[in-house]
There are 2 protein chains.
Amino acid sequence: MGDVARLAGVSAKTVSNYFNGYRYMREDTRQRIEAAITELDYRMNLSARNLRSGKTGMIMLAIAELDQAYLAEFAQTVVNKAEELGLGVLIETTGGRREREVEVLEGSRGRNVDGVIYEPVALGAEDISKHHGGFPLVLMGEKVLGGPFDHVTMPDEAGTRTAVSHLVDLGYQNIALIGTSATKESPGQALRRKGYIDALTAGGLEVREHIMVATKRWHRPDGADAMNRLLDSGEQVDAVFAMNDALALGAMWAAEQRGLRIPHDIAFVGFDDTEDATYSIPSLTTVSPGRDALARAAVTALHRRISDPHYVPGEAPIVTDYELIMRKSTPPLAPR
Amino acid sequence: MGDVARLAGVSAKTVSNYFNGYRYMREDTRQRIEAAITELDYRMNLSARNLRSGKTGMIMLAIAELDQAYLAEFAQTVVNKAEELGLGVLIETTGGRREREVEVLEGSRGRNVDGVIYEPVALGAEDISKHHGGFPLVLMGEKVLGGPFDHVTMPDEAGTRTAVSHLVDLGYQNIALIGTSATKESPGQALRRKGYIDALTAGGLEVREHIMVATKRWHRPDGADAMNRLLDSGEQVDAVFAMNDALALGAMWAAEQRGLRIPHDIAFVGFDDTEDATYSIPSLTTVSPGRDALARAAVTALHRRISDPHYVPGEAPIVTDYELIMRKSTPPLAPR
DNA sequence: GTGAAAGCGCTAACAT
DNA sequence: ATGTTAGCGCTTTCAC
């Protein structure tokens, strides 16, 4: 920057003013600076600016994994929105593993970005308060009581309840659940399980532990695997609610592999409304949880928290609207 | 860091040595430092380290979009591999738009990371040399002649040729191509188109411009749209090679919507071997281009370039092995 | 409207 | 094996 100043015949401070949009500057000064920048092909050293200003212009997005359509689409929207606000996005993935989640919360990178959008999977609310190092944080999922965090959350419970109730209304009586956890339940899992149980209860149906199937992850192979176990069990099943679209599509595929006719023999419902749910054969009924709005809300809240020192995180979660998207995988149940 | 040094009764330099793994240090010194760090809950200020050392410990991954399964899976592997090497990954998306691609190449963020992995879509080789600001760069796609860049590339041409030849061998005679460009062709597009044409020619089949269909992007809706236009055209088609899996799955869906039986009436082949190709109904024959190996190779090459000042980028591209994965969407052609 | 000087928190180079 | 000095390239403060 010194070089630019010298070439333009001004001080470094004036060049700095130029970059920071300082308003009072003579037109000829501005032009000389611009000419010098072009001439020298100068780019500001962000490390130096960061050191001095205490800001980095970057936020971190810490999620379980990118190779899950929902999270990839979420990340895409976060990157776009951040770009609008002049922020870069550093992506860390945790694989949903507790150890990595703690690392992210305690590590130095978290304190060296302006803020973090964080999706806890293995970590509970207490853990987060305990391990958190004091940087601006927006949580995806449950509220951490007392923590100074914004939190954005999908309508997990209500969305699931609506979807399962829809199956009940269509006449299905043996509705399986795919995607529970054999070990520690994540917040989203707990809420979706609750929505499922409530809908069955409200519909006067029995809640059967044997048709609630745990999976390790939430990818297609897990869904296929779960479906195979379900069919092997001999339990009667006429519909499946899966905790996300990938599980539902994997389950549907496994059922078809075994010679069942979809959706005639078994109906399927997913959650997320990722692109592949529209284009599966048959197309998949699913819950659209307002993904883009949520991602934008997360970035906006974080940005406000970063740039306004008086900003106080909202007590209430930011929840988006959801919508049940009805497609061909859930026909009205024909009398058997 | 000064605080830590004071509390531990050593100089700042010794604390710095501690963080940088300097080997010669008395055990009790080390322990006093560790105690002080814990006591103060100290985390290093990376901006200061970056300013001083001229490195940031971050690389940038500049790709078209994250909400494309192939790129999301690629990004996931890049993040993992970078993490292994102690590097953070800043993700920028360009949407494949020329203007954004230039911005990324010229902007200040590129000069403020240690290196960049870059996927040009709209930008040609000349553009890249012209706009590049001198930072370590690994390109995905074609070789930029004379540029000091490593480049990693999928076996676009050979993979496509093999896939289309397979259709020819099975007896298909009217093989459409989905995913060409109406405007400027990207490197990958050009190579896949060439592979397609070569395979047809080698098989003694006519190359028909009318069954080569352009799409705006490479997502499912684009594939569906292209398939509809193809079917509306009245051209005879018994198989489709799509430039990626998403296009193939969208096209397959559209054909099914119109009452065609898949794969009996039309066979489909994709490219990428994303997870959804395994679990579609019917499962999709596709080219597996060694995605993970490629992502790891890209990070490794960049890391070497960053850390070894004598490293000279290879002349030859890093190409991975590919494999044709045969599934149910391409049965041997029964005599009609 | 612009300049001069100080200093953000680290590490390279050298000293001990 | 550890301490001292200087300075990375910016922005802040205050003076002009």
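Residues numbered from 1 in each chain as written. Chains lettered and ligands numbered in written order. Predicted model: local features only at pLDDT ≥ 70, side-chain atom pairs only at ≥ 80, totals over all residues. Heavy atoms only, no water.

> Could you give me a rundown of the sheet that holds strand E12 (residues 323–325) of chain B, with the residues and numbers involved?
All names here are of chain B. As summarised here, the arrangement of the six strands in space is E7-E6-E8-E9-E10-E12, forming an open sheet in which the pairing is mixed. Whereas interior strands pair on both sides, the edge strands pair on one side only; in this sheet they are strand E7 (212–214) and E12. The mean inter-strand angle of the sheet, taken between neighbouring strand axes irrespective of direction, is 20°. Looking at chain direction, strand E8 (residues 239–242) and strand E9 (residues 267–271) are connected through three bridges and run parallel. (Pairing = 2+ DSSP bridges. Helix = DSSP H or I, 4+ residues; strand = E, 2+ residues; numbered from the N terminus. Axes fitted to C-alpha atoms, helices over the stretch in contact; angles between N-to-C directions.)

> So what about the packing of helix H5 (residues 69–84) of chain A against helix H14 (residues 291–307) of chain A? Which residues, and what values?
Relative placement of two packed helices is described by the angle separating their axes and the distance separating the axes. Residue and element names in this part refer to chain A. Two elements in contact, H5 and H14, have axes separated by 9 Å at closest approach and are oriented at 45°. The angle between the axes of H5 and H14 places the two elements in the oblique class. Judged by the twist between their axes, the crossing of H5 over H14 is right-handed. Two secondary-structure elements touch here, H5 through Tyr-70, Glu-73, Phe-74, Thr-77, Val-78, Lys-81 and Ala-82 and H14 through Arg-291, Asp-292, Leu-294, Ala-295, Arg-296, Val-299 and Thr-300. (Parallel < 35°, antiparallel > 145°, perpendicular 65-115°, else oblique. Left-handed = near helix turned anticlockwise from the far one by under 90°. Contact = heavy atoms within 4.5 Å.)

> Break down the packing of aromatic side chains for me, citing the residues and quoting the values.
Residue and element names in this part refer to chain A. Taken as a whole and judged by the stated rule, the model has eight aromatic pairs over all chains. Ring centres of Phe-19 and Tyr-42 lie 5.7 Å apart, and the angle between their planes is 55°; on these two criteria the pair is classed as tilted. Within this pair, whereas Phe-19 is found in helix H2 (residues 12–19), its partner Tyr-42 is found in the loop between helix H3 (27–40) and helix H4 (46–53), the two being separated by 23 residues in sequence. Assessed through its relative accessible area of 15%, Tyr-42 is described here as buried. A connected cluster of aromatic rings, assembled from ring pairs, spans Tyr-18, Phe-19 and Tyr-42. Directly above the ring of Phe-271 sits Arg-192, whose terminal nitrogen or CZ lies 4.0 Å from the centroid. (Phe/Tyr/Trp six-rings, centres within 6.5 Å; stacked < 30°, edge-to-face > 60°. Buried < 20%, exposed > 50% of the residue type's maximum accessible area, 1.4 Å probe, protein only. Lys NZ or Arg CZ within 6 Å of the ring centre and 35° of its normal.)

> So, the UniProt feature "domain: HTH lacI-type" (unreviewed entry) in chain A: which residues are in play, and what are the values?
UniProt records the feature "domain: HTH lacI-type" (unreviewed entry) for residues 1–53 of chain A in the present numbering. End C-alpha atoms of residues 1–53 of chain A are separated by 16 Å, and the span's content is 70% helix alongside 0% strand. (UniProt positions renumbered as here; feature names shortened; annotations may be inferred.)

> Any details on the environment of B:Val312? Residues and values, ideally.
Considering the arrangement of structural elements, one finds B:Val312 in the loop between helix H14 (291–307) and strand E11 (318–319). Distance from B:Val312 to B:Arg220, taken between C-alpha atoms, is 40 Å for residues 92 residues apart in sequence.

> Please provide a residue-by-residue account of helix H5 (residues 69–84) of chain B, values included.
Residue and element names in this part refer to chain B. Between its terminal C-alpha atoms H5 stretches 23 Å, which fits the 22 Å expected from 16 residues at 1.5 Å a residue. Of all 16 residues that make up H5, 12 are buried, and the element is covered over most of its length. Buried within H5 are the following residues: Tyr-70, Leu-71, Ala-72, Glu-73, Phe-74, Ala-75, Gln-76, Thr-77, Val-78, Val-79, Lys-81 and Ala-82. In the stretch just after H5, Gly-86 is the one whose phi turns positive, near 80°. (Expected span 1.5 Å × (residues − 1).)

> Please set out the interface of chain B and chain A residue by residue, giving values where relevant.
Across the boundary between the two partners, chain B contributes 56 residues, which contact 56 residues of chain A. Interface area for chain B against chain A, summed over the two sides, is near 4600 Å², with a carbon-plus-sulfur share of 55%. At the junction of chain B and chain A, the tally comes to six salt bridges. Ionic pairing is found between B:Asp41 and A:Arg111, a salt bridge with its closest N-O pair at 2.9 Å. Between chain B and chain A we count 24 residue pairs in polar contact (both at pLDDT 80 or more) in total. Elements with a contribution of two residues or more to the side of chain B that touches chain A: helix H4 (46–53), H5, strand E2 (88–93), helix H6 (98–106), helix H7 (108–111), helix H11 (220–232), helix H12 (245–257) and helix H13 (275–278) of chain B. Per-element accounting of the side of chain B that touches chain A gives the leading share, seven residues, to H5(B). Taken together, the residues of the side of chain B that touches chain A sort by class into 20 nonpolar, 19 polar and 17 charged. Strand direction decides the pairing type here: strand E2 (residues 88–93) of chain A and E2(B), joined by three bridges, are antiparallel. Bridge assignment links A:Ile91 to a residue of E2(B), and that residue is B:Val89. (Buried area = accessible area lost by both parts, 1.4 Å probe. Salt bridge = Lys/Arg side-chain N within 4 Å of Asp/Glu carboxyl O. Polar contact = N/O pair within 3.5 Å; in protein donor to acceptor, adjacent residues only side chain to side chain. Nonpolar A, V, L, I, M, F, W, Y, C, P; charged D, E, K, R; others polar.)

> Could you give me a rundown of the relation of the copies chain B and chain A, with the residues and numbers involved?
Take chain B, turn it by 180°, move it 0.0 Å along the axis, and it overlays chain A with an RMSD of 0.1 Å. Here the copies are linked by what is in effect a two-fold axis. For chain B, the residue whose C-alpha comes nearest the rotation axis is B:Leu90, separated from it by 2.1 Å. (Least-squares fit on C-alpha atoms with pLDDT ≥ 70 in both.)

> Help me get a handle on the protein's contact with DNA strand D, residues and values and all.
The immediate surroundings of DNA strand D are formed by 23 residues, with A:Met1, A:Tyr42, B:Ser11, B:Thr29 and B:Arg52 found nearest. Those atoms of DNA strand D that come within 4 Å of the protein belong to sugar or phosphate at a rate of 66%. Contact distances for DNA strand D include 2.5 Å between a phosphate oxygen and a side-chain N or O atom of A:Tyr42. At 3.3 Å, a side-chain N or O of A:Arg52 approaches a base oxygen of DNA strand D. Mapped by element, the contributors of at least two residues to the surface near DNA strand D are H2 and H4 of chain A together with helix H2 (12–19) and H4 of chain B. Ranked by the residues each element gives to the surface near DNA strand D, the list is headed by H4(A), at four residues. (Near = heavy atom within 4 Å.)

> Let's hear about the sheet that holds E2(A): which residues, and what values?
The mixed open sheet is built from 12 strands, whose spatial order is E11(A)-E5(A)-E4(A)-E3(A)-E1(A)-E2(A)-E2(B)-E1(B)-E3(B)-E4(B)-E5(B)-E11(B). Two strands in the sheet have a free side with no partner beyond their single neighbour: strand E11 (318–319) of chain A together with E11 of chain B. Two elements, strand E1 (residues 58–63) of chain B and strand E3 (residues 115–118) of chain B, share four bridges in a ladder whose sense is parallel. Among the inter-strand pairings, B:Met60 is bridged to a residue of E3(B), identified as B:Val116. Most of the contacts of H14(B) go to E3(B), to which it runs at about 155°, and overall it touches E1, E3, strand E4 (137–140), strand E5 (150–153) and E11 of chain B.

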